[in-house]
Amino acid sequence: MANIFGTPLKRREDPRLITGKGKFTDDIQLPGMLYAAMLRSPHAHANIKSINTVNAEQADGVVAIYTGKDLQGKMEPIPTAWLPPDSNIQTPDHPALAMDKVRYVGDAVAMVIAESRYAARDALDLIDVEYETLPVNVDQEKAMADNATLLHDGVENNLAYHWKAGSVAEEVFDQSEVVIKQRFRQQRLIPNPMEMRASVADYNSASGDMTIWCTSQNPHIHRFILSGVLGIPESKLQIISVDVGGGFGCKIAVYPGEALVGFAARELNRPIKWAEDRSEHFLSTTHGRDVILDVELAGKRDGTFEALRIKNIANMGAYLSTAGPGVETILFGLITPGPYRIKHAQVETYGVFTNTTPTDAYRGAGRPEATYLIERMVDLYANEIGMDPLEIRRRNLIGKDEFPYDNALGLQYDSGDYERSLDKALEMLDYEKFRSEQEEARNQGKYIGVGFSTYVEICGLGPSKVAGAVGFQGGLWESATIRVHPTGKVSVFTGTSPHGQGEETTFAQIVSQKFGIPQEDIEVIHSDTDRIPMGWGTYGSRTTPVGGAAIAIAADRVLNKAKKIAAHMLEAAEEDIDFVDGSFQVKGVPDSAASFADVTLQAYVAWDLPDGIEPALEEQAFYDPDNFVYPFGAHACIVEIDAETGEIEIKRYIAVDDPGPVINPMVAEGQVHGGIVQGVGQALWEGAVYNEQGQLLSGTFMDYTMPKARFFPNFEAAFTETPSPVNQLGVKGIGETGTIAATPAVVNAVIDALEPFGVKELDMPLTPEKIWSVLQNGRKTE
């Protein structure tokens, strides 16, 4: 059988999805089902004086109405699941329905249950809530001021946590030949998957069992947390999230709505469905980014970097979301030196409560913020000393012979060949030709620019010991069960939870490669806690490096057992058996062989098994890696600016990524394309905006610009493959690389194009209005 690794097979999950045969949470229909709707606060900060539900209770179709007081003693608050150590983290209660105070526009204050979703929505307008408004904080830096109004009693200066890593002596900066200082503002982003959040709960009062269908990236984490919130044993709680229409991090968190439908289903003993609309999604689903970064990069005038110091003021929103505290600390801070040799580094993050929607992971989760700051600082440093931005990168990139490499903040990069990916990108670009064209264009009054991003990311979120050490309230190992049926067909059960990444295809390719059978004979089962073994879900590009590695180990265990059975069948010693292209063969006797299917059948009929071998062919693996994995790459972007309108056109985009061995190039390239679009979206168009009263001004697609396909050229994507020593497949992950690399590459390109105007820094998004102002008010440098 040909090597199926590296084969661009079409995604096997697509036929059901593109023909409408998928089953998403809002597709679930159960007999006697009721519908929930949430009344959300129109105020960003207010005391709740009273809630009058009498008129709503009398409306047609209304079955029940609940407020925060109805939950007391029946539901626990929604917890956070990441508590960074030594950070004095504050975890005020997050009630599923606000009790005495609302803390952001969108905070739920009541839940209506009705016979139809329309009746439930109509009844919301009949609930009368009396509010006493309070002063509002939307800016995290202002919220830290001594005179700022506190969101939570006892949380001084609204400081949720203060986390530090590394240390740099002041004299290192004092004695450096070059010190670059810059403040960056990474704007708030709003994840917008095609499918919005939804949840359906069904409670069996006779058995005490509850099933919740929900839009989750990690069903077992949902079960773990909801079990505590609802007071239901995990053995009685089933979470199902088989088809999920995208997540991008916003479906990691456990939300009040998912707990509330479980509560109502148990109270009323009827199935309950809740599904948000897009406006509700903008207001109440977690946002991402929103950090203020003060950065200093010190080094020599020859371009050698020596020290990095960062202060991050992170907007956590009104409450700490499930993984929120870990994003701007561990996932951001430790990778800030990037792919460069930087001897000394120090990072501190202030997590601040504000009257805004809580923030959590958004594609890349901390890594885009880290990569953006170091890649912008590299260009600023190059500009300061008059060095080409490529030359300064080459001077500081970690060499391929230096791996494993310990960075200044304690991470050990597994493997890399950073210059190879950069060289490949430059071969595709023809850099010298571009610089010549740029000079000619400027002479004609046209402004084109090129920007680069050489990145490394921490992903394959794994080592459970490390997870515990950095405050994650769970493990990060992964599980797999492989069941070979008597006919030789295979079922693979994974603890990960694919939701658009194509893992039903790539996981089948892993097993197909191992067993030498067609991938059509393999089914991949995931995202149902009653069917799959315990696992920790899909995020942080961990699904293939951790979940895929677990599958590979389970497959090896199946083969080890099958080899013993084959040796017995062929009357040979086990060490004399080779497994080649789906067949067990006796060494030197090619005609003495047994197919994988023959051995499988013998395992099940069990007529003549070797002594000590149990019937059947099924194995399980729990894989806990001993390190993270570190994908890397080099991206290049060419832009042209319209001098009349300030519009930015992306003329070329080149992406060279190294995720280790590529299992399916088509799937991998698709992940890169999607990631690039989201990264460019932040650079040029996207941004959540609140006014001083805490009202979200960008709460619709009329006001929040999403990237469209017509905004982009054809992407020029390529891969290099540097295996990781961490897992047997050598894979590193690909799902977030585009988002991490694209934002600084685009911004660097725009700044390069604006070089004649003396522009060194602009806050994102780089909208046409912002660029037009620069062109109108700037002065070309001679």
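Scroll up to find the structure.
Bear in mind that the values here come from a model prediction, so they are computed numbers and not experimental data. (Residues numbered from 1 in each chain as written. Predicted model: local features only at pLDDT ≥ 70, side-chain atom pairs only at ≥ 80, totals over all residues. Heavy atoms only, no water.)

1. A short note on the overall build of the protein chain
On a plain count of helices and strands, the protein chain comes out with 21 helices and 28 strands. Its C-alpha radius of gyration of 28 Å places the protein chain within 12% of the 28 Å reference for a compact globule of 782 residues. With respect to the three principal axes, the spread of C-alpha positions in the protein chain is 85 × 75 × 50 Å. Taken across its 782 residues, the protein chain has 62% of its residues classed as buried. Expressed as a percentage of contacts within the protein chain between residues at least 6 apart in sequence, the contacts between residues at least 24 apart total 80%. Accessible surface, the protein chain: about 29,100 Å² in total, of which carbon and sulfur atoms supply 47%. Side chains of the protein chain carry 68 positive and 109 negative charges; the gap between the two charge centres is 2 Å. (Helix = DSSP H or I, 4+ residues; strand = E, 2+ residues; numbered from the N terminus. Rg over C-alpha atoms; globule rule 2.2 N^0.38 Å. Buried < 20%, exposed > 50% of the residue type's maximum accessible area, 1.4 Å probe, protein only. Contact = heavy atoms within 4.5 Å. Areas by Shrake-Rupley, 256 points an atom, 1.4 Å probe, with all protein chains shown as cover. Lys, Arg positive; Asp, Glu negative; His and termini not counted. Charge placed at Lys NZ, Arg CZ, Asp CG, Glu CD.)

2. Remarks on the packing of aromatic side chains
The tally for this structure, following the rule as stated, stands at 25 aromatic pairs. Centroid distance Tyr 418 to Phe 632: 4.8 Å. Interplanar angle 65 degrees. Geometry classified as edge-to-face. Here Phe 632 lies in strand E26 (residues 632-641) and Tyr 418 lies in helix H13 (residues 418-429), a separation of 214 residues in the sequence. Here the two residues Tyr 418 and Phe 632 agree in accessibility, since each one is buried. (Phe/Tyr/Trp six-rings, centres within 6.5 Å; stacked < 30°, edge-to-face > 60°.)

3. Some remarks on the pattern of salt bridges
One side chain can pair with another of opposite charge once the charged atoms of both are near each other. Inspection of the entire model under this criterion finds 46 salt bridges. Measuring nitrogen to oxygen at the nearest pair gives 2.7 Å for the salt bridge that ties Asp 14 to Arg 11. Assessed through its relative accessible area of 21%, Arg 11 is described here as partly exposed. Residue Lys 273 is joined to Asp 26 by a salt bridge in which the shortest nitrogen-to-oxygen separation is 3.3 Å. Linking Lys 273 in strand E12 (residues 272-275) with Asp 26 in the loop between helix H1 (14-18) and strand E1 (34-40), this pair joins segments that are 247 residues apart in sequence. Take Lys 273: its relative accessible area is 2%, and that puts it in the buried class. For Asp 26, a relative accessible area of 31% puts it in the partly exposed group. In the salt-bridge network here, residues are joined through shared partners; they are Arg 40, Arg 121, Asp 277 and Glu 280. (Salt bridge = Lys/Arg side-chain N within 4 Å of Asp/Glu carboxyl O.)

4. Some words on the pairing of strand E10 (residues 209-214)
Burial analysis of E10 places five of its six residues in the buried class, which makes it a mostly covered element. Both strand E9 (residues 198-204) and E10 contribute to a ladder of six bridges, which runs antiparallel. Residue pairing across strands places Asn 204 opposite Asp 209, the latter belonging to E10. From the end of E9 to the start of E10, which pair antiparallel, there are four residues, and Gly 208 there has a positive phi angle of about 80 degrees. Where E10 and strand E11 (residues 237-240) come together, four bridges link them in parallel fashion. Along E11, the bridge assignment pairs Ile 212 with Ile 239. Running through helix H7 (residues 219-230), the crossover from E10 to the neighbouring parallel element E11 is right-handed. (Pairing = 2+ DSSP bridges. Right-handed = clockwise from strand over helix to strand, strands pointing away.)

5. Examining the sheet that holds E11
Here we have seven strands laid out as an open sheet, ordered E3-E5-E1-E12-E9-E10-E11, and mixed in their pairing. What marks the edges here is a single partner per strand, and that holds for strand E3 (62-67) and E11. Neighbour-to-neighbour, the strand axes of this sheet turn through a mean angle of 20 degrees, independent of strand direction. Across the sheet, H7 is in contact with E10 and E11; its angle to E11 comes to roughly 140 degrees. (Axes fitted to C-alpha atoms, helices over the stretch in contact; angles between N-to-C directions.)

6. Thoughts on helix H14 (residues 431-443)
Look at H14: 19 Å from first C-alpha to last across 13 residues, which is about the 18 Å you get at 1.5 Å a residue. Those residues of H14 not exposed but buried are Tyr 431, Phe 434, Gln 438 and Ala 441. The buried residues of H14 occupy one face: seen down the axis, they fall within an arc of 75 degrees. Along H14, the residues that are exposed and aim more than 90 degrees away from the buried face are Glu 432, Glu 439 and Asn 443. (Expected span 1.5 Å × (residues − 1). Arc of directions from axis to C-beta.)

7. A few points about the pairing of E9
Within E9, five of the seven residues are buried, which leaves it mostly tucked inside the rest of the structure. As paired strands, E9 and E12 are joined by four bridges and run antiparallel to one another. Note on E12: the bridge partner recorded for Ser 199 is Trp 274.

8. Notes on the nonpolar core
Soluble, globular proteins show a tendency: their nonpolar side chains are buried together. In this structure, Met 111, Tyr 413, Tyr 653 and Leu 754 are the most contacted members of the largest nonpolar core, which totals 161 residues. Looking at this core, the element that brings in the most residues is helix H11 (residues 367-385), giving ten residues. Non-local contacts of Tyr 653, meaning those with residues more than four positions away in its chain, are made with His 635, Ala 636, Cys 637, Ile 676, Pro 713, Asn 714, Phe 715, Glu 716, Ala 741, Ala 742, Ala 745 and Val 746. Core analysis: the second largest hydrophobic core is formed by 44 residues, Phe 515, Ile 565, Phe 596 and Val 599 among them. (Core = buried A, V, L, I, M, F, W, Y, C linked by side-chain atoms within 4.5 Å.)

9. What to know about the packing of helix H10 (residues 324-333) against H11
Interhelical geometry of H10 versus H11 gives an angle of 55 degrees and a closest axis separation of 8 Å. Viewed along their axes, H10 and H11 adopt a mutual orientation that is oblique. Viewed along their axes, H10 and H11 form a crossing whose handedness is right-handed. Within the contact between the two elements, H10 uses Val 327, Glu 328, Leu 331 and Phe 332 and H11 uses Arg 367, Glu 369, Ala 370 and Leu 373. Class assignment for the residues of the contact of H10 with H11 results in five nonpolar, no polar and three charged. (Parallel < 35°, antiparallel > 145°, perpendicular 65-115°, else oblique. Left-handed = near helix turned anticlockwise from the far one by under 90°. Nonpolar A, V, L, I, M, F, W, Y, C, P; charged D, E, K, R; others polar.)

10. A few points about the side chain of Thr 529
Turning to its location among the elements, Thr 529 is positioned in the loop between strand E21 (522-525) and helix H17 (543-569). You can call Thr 529 buried: its relative accessible area is 5%. From its side chain, Thr 529 meets the backbone nitrogen of Ile 239 in a polar contact 2.9 Å long. Filtering out sequence-adjacent residues up to four positions away, Thr 529 remains in contact with Pro 219, His 220, Arg 223, Leu 237, Gln 238 and Ile 239. (Polar contact = N/O pair within 3.5 Å; in protein donor to acceptor, adjacent residues only side chain to side chain.)

11. Remarks on the side chain of Thr 211
Secondary-structure assignment places Thr 211 in strand E10. Relative accessible area serves as the criterion here: at 16%, Thr 211 is assigned to the buried category. Within the local environment of Thr 211, its side chain forms a polar contact with the side chain of Gln 238, the two groups lying 3.2 Å apart. Apart from the residues lying within four places of it in its own chain, the contact partners of Thr 211 are Val 200, Ala 201, Asp 202, Gln 238 and Ile 240.

12. Looking at the packing of H11 against helix H20 (residues 737-753)
Across the interface, H11 lies against H20 with an axial gap of 8 Å and an inter-helix angle of 30 degrees. By the angle class used here, H11 and H20 are roughly parallel. In this structure, H11 crosses over H20, and the sense of that crossing is right-handed. Within the contact between the two elements, H11 uses Arg 367, Pro 368, Thr 371, Tyr 372, Glu 375, Arg 376 and Asp 379 and H20 uses Thr 739, Ile 740, Thr 743, Pro 744, Val 747, Asn 748 and Ile 751. When grouped by side-chain class, the residues that make up the contact of H11 with H20 number six nonpolar, four polar and four charged.

13. A short note on the environment of Leu 380
Take Leu 380: it is sitting in helix H11. In the structure, Leu 380 is positioned 189 residues away from Met 569 in sequence and 69 Å away in space, judged by C-alpha atoms. Ignoring anything within four residues of it in the chain, the contact list for Leu 380 reads Ile 180, Gln 182, Phe 184 and Lys 760.

14. Things to note about unusual backbone geometry
With an omega of -5 degrees, the peptide bond between Phe 403 and Pro 404 qualifies as cis. Within the element layout of this structure, Pro 404 appears in the loop between helix H12 (389-396) and strand E16 (405-406). With an omega of -5 degrees, the peptide bond running from Met 764 to Pro 765 counts as cis. Examined against the element boundaries, Pro 765 turns out to sit in the loop between H20 and helix H21 (768-777).

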